[in-house]
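Letter by letter, the chains look like this.
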Amino acid sequence: SQQGKYDSEAEDVDDRANYYDKYYNGREGLTILFAAGNDGPASGTVSPPATAKNSLSVGNHQNRYSGAPDTLMSGSSRGPTDDGRQKPELSAPGTFILSSRSRSTSASGWGTFDSNYVYMGGTSMATPITAGASALIYQHMFDNLAYTTPTSALVKGILSTSSHDMAGQYGSATNGAGEIAPNNHEGYGLLDLDRAVNSSFIDNESVGTGDTIGYRFTVPSSAPDLRLMLSYTDYPSTAAASTNLVNDLDFALKDPSGNWVEYGNNIDNM
């Protein structure tokens, strides 16, 4: 089984996303999305190329009937990847999605709507919804913020960190019940485009080996919480590598009292 593995397809995804963000500086990046798969609820079931580091991998949650929308579909594939990276990044509506119907088949999907449309479900439905949200983020930056060079890392980071927790409900009492996002079931949670367009960001920065870069900002006292995301496009790895993260970037946060908190790539510390 290829579940959880970093293979040549994942390597190709990372290579293309990294190439665009690095060498097409001055233009928008290439945001690449893949469905996590429908092999859950067991852990480690996300399949390549959704195992790529620079892809936005999407799970699916219930958007109709009991538990909607705060219940992840049991069949939605789960992380982590074989080398321990969190997947998926987020979850989106993936049940009973109205989809176009091919006229070359009599298949009725999850249910017929009319001669042109059927209801479908799965992470393959959640992913195009997230792709549409990604396109709207690009348009928002172009039209409303006059920012024409968003990297793929920025779009991925904004959509991930603006997602909201699913209250620990996953359709299976033994698979993640009670876990708070981010986790390897829902990722950072449900896609939330309203929160995404209200995100602040710094983009197109870079550091070299051993370098540090710092920022200072003021958080209004009225803010309910503070969410920070460090998102970057990594160099491609290889299928033979036991650890596929090439660049290890961490960040540290200093609170108003002068206390530092170190954050790494381990989501359990977040």
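In this report, the structure presented in the accompanying data block is examined.

**A look at the sheet that holds strand β6 (residues 117–120)**
In a beta sheet, neighbouring strands are held together by backbone hydrogen bonds and run either parallel or antiparallel to one another.
So, step 1. Within the open sheet, the three strands sit side by side as β4-β6-β5. Their pairing is antiparallel. Of all strands in the sheet, those with a lone pairing partner are β4 (97–100) and β5 (111–112), marking the two edges.

**So, the pairing of β4**
So, step 1. Across the two faces of β4 the burial differs, with I97 and S99 buried and L98 and S100 not buried at all.
So, step 2. Pairing of β4 with β6, which is carried by four bridges, proceeds in the antiparallel orientation. Across the sheet, S99 pairs through a bridge with V118, a residue of β6.

**Comments concerning empty space enclosed by the protein**
Vacant regions in the atomic arrangement are exposed by a probe of water-molecule size rolled over the atoms.
So, step 1. Applying the stated rule across the entire model yields two cavities of 30 Å³ or more.
So, step 2. Lining the largest cavity are K53, N54, S152, A153, K156, S231, Y232 and T233.
So, step 3. Residue classes in the lining of the largest cavity are distributed as two nonpolar, four polar and two charged.
So, step 4. Taken as a whole, the second largest cavity holds about 30 Å³ of empty space.
So, step 5. What lines the second largest cavity is a set of 10 residues, among which Y20, D21, Y24, R27 and T151 lie closest to the centre.
So, step 6. Taken together, the residues of the lining of the second largest cavity break down into two nonpolar, five polar and three charged.

**Focus: the packing of aromatic side chains**
What describes a pair of aromatic rings is the distance from one ring centre to the other and the angle between the planes of the rings.
So, step 1. Summed over the entire model, instances satisfying the criterion amount to eight aromatic pairs.
So, step 2. Judged by centre distance (6.4 Å) and plane angle (70 degrees), the rings of Y19 and Y20 are edge-to-face.
So, step 3. Take Y19: its relative accessible area is 40%, and that puts it in the partly exposed class.
So, step 4. Residue classification places Y20 among the partly exposed positions, given a relative accessible area of 31%.
So, step 5. Aromatic side chains F251 and Y263 sit 5.2 Å apart centroid to centroid with 25 degrees between the ring planes, which places their arrangement in the stacked category. Of this pair, F251 sits in strand β7 (residues 251–254) while Y263 sits in strand β8 (residues 260–263), placing them 12 residues apart in sequence.
So, step 6. Aromatic ring contacts, followed pair by pair, group F96, W110, F113 and Y119 into a single cluster.
So, step 7. Above the plane of the ring of F96 lies R64, whose end atom (NZ or CZ) is 4.6 Å from the centre.
So, step 8. Sitting above the plane of the Y119 ring, R64 keeps its charged end 5.6 Å from the centroid.

Definitions and cut-offs
- The residue count restarts for each chain, going from 1 along the sequence in the order it is written.
- For this predicted model, a pLDDT threshold of at least 70 governs which residues receive local features, and a threshold of 80 or more governs which side-chain atom pairs are given and counted, while totals over whole chains, interfaces and linings are taken from all residues.
- Values reported for side chains reflect all heavy atoms of the structure, with hydrogen atoms and water molecules removed beforehand.
- Here the rule is simple: two strands pair whenever DSSP picks up at least two bridges between them.
- Every helix listed is a DSSP run of H or I at least four residues long, and every strand listed is a run of E at least two residues long, numbered separately from the N terminus.
- Burial here depends on accessible area, computed with a 1.4 Å probe over protein chains only, as a share of the maximum for the residue type. Under 20% is buried, over 50% is exposed, and the range in between is partly exposed.
- Only protein atoms enter the calculation, which uses a 1 Å grid: trapped sets of points that fit a 1.4 Å probe without letting it out are cavities, open sets showing protein on both sides within 12 Å along at least five of seven lines are pockets, and any residue with an atom within 4 Å of a point is a lining residue.
- Grid points are joined across faces, edges and corners, and a volume is the space filled by probe spheres set on the points.
- Only Asp, Glu, Lys and Arg are considered charged in this grouping, and only Ala, Val, Leu, Ile, Met, Phe, Trp, Tyr, Cys and Pro are considered nonpolar; every other residue, Gly among them, is considered polar.
- Stacked, tilted and edge-to-face are the three classes assigned to paired rings of Phe, Tyr and Trp, where Trp is represented by its six-membered ring and a pair needs centres within 6.5 Å; plane angles under 30 degrees give stacked, over 60 edge-to-face, the rest tilted.
- A positively charged side chain is recorded as over a ring if its NZ (Lys) or CZ (Arg) lies within 6 Å of the ring centre. The angle to the ring normal must also be within 35 degrees.

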